[in-house]
Amino acid sequence: QVELVESGGGLVQAGGSLRLACVVSGDTFSSYAMGWFRQAPGKEREFVGGISAGGSSTHYRDSLKGRFAISRDNAENTVYLQMNSLKPEDTAVYYCAAERWQYGIVLAQDEYDYWGQGTQVTVSS
């Protein structure tokens, strides 16, 4: 059973930074493409970004390019989401997701088989 556990969320002022972590257990982490998604109150869950299984490729939601960065440490079974210059509109529950796929980045949330429980990020103005 693959399990994902996010951490690092919290309350931050606008302009600040947070780094989320997602630890994966239960299978070979390096075989999984990883994604980050977020869901704001009253809105649908949306793609934030993704990283390939080996970590060589990343892809981001256009509006987040330059502020958010995804990385992974396959030795530590962990994927990270570094968020800089945070804005109140970044307030959401952030989820990591995993899909056993070694051929690139998985974009569609329907293709991810495993999800974490989510971590709340609140950005105050």
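Provided above is the structure to which this section pertains.
I will try to describe carefully the structure that is included in this document. (Residues numbered from 1 in each chain as written. Predicted model: local features only at pLDDT ≥ 70, side-chain atom pairs only at ≥ 80, totals over all residues. Heavy atoms only, no water.)

1. Concerning the pairing of strand 8 (residues 78-83)
The element strand 8 is extensively covered by neighbouring structure, given that 5 of its 6 residues are classed as buried. As judged from the 6 bridges shared by strand 3 (residues 18-25) and strand 8, these two strands associate in the antiparallel manner. When the sheet's bridge partners are listed, leucine 18 is paired in strand 8 with methionine 83. Note: strand 7 (residues 68-73) against strand 8, 6 bridges, orientation antiparallel. Its bridge partner lying in strand 8, isoleucine 70 is registered against leucine 81. Once strand 7 ends, the chain turns through 4 residues before running back antiparallel as strand 8, passing asparagine 77 with a positive phi of about 55°. (Buried < 20%, exposed > 50% of the residue type's maximum accessible area, 1.4 Å probe, protein only. Helix = DSSP H or I, 4+ residues; strand = E, 2+ residues; numbered from the N terminus. Pairing = 2+ DSSP bridges.)

2. Details of the pattern of salt bridges
By the definition in use, this model includes 6 salt bridges. A salt bridge links aspartate 90 to arginine 38; its shortest N-O distance comes to 2.9 Å. Of this pair, aspartate 90 sits in the loop between strand 8 and strand 9 (92-100) while arginine 38 sits in strand 4 (residues 32-39), and the two are 52 residues apart along the sequence. Of the residues examined, aspartate 90 reaches a relative accessible area of 1% and is grouped as buried. (Salt bridge = Lys/Arg side-chain N within 4 Å of Asp/Glu carboxyl O.)

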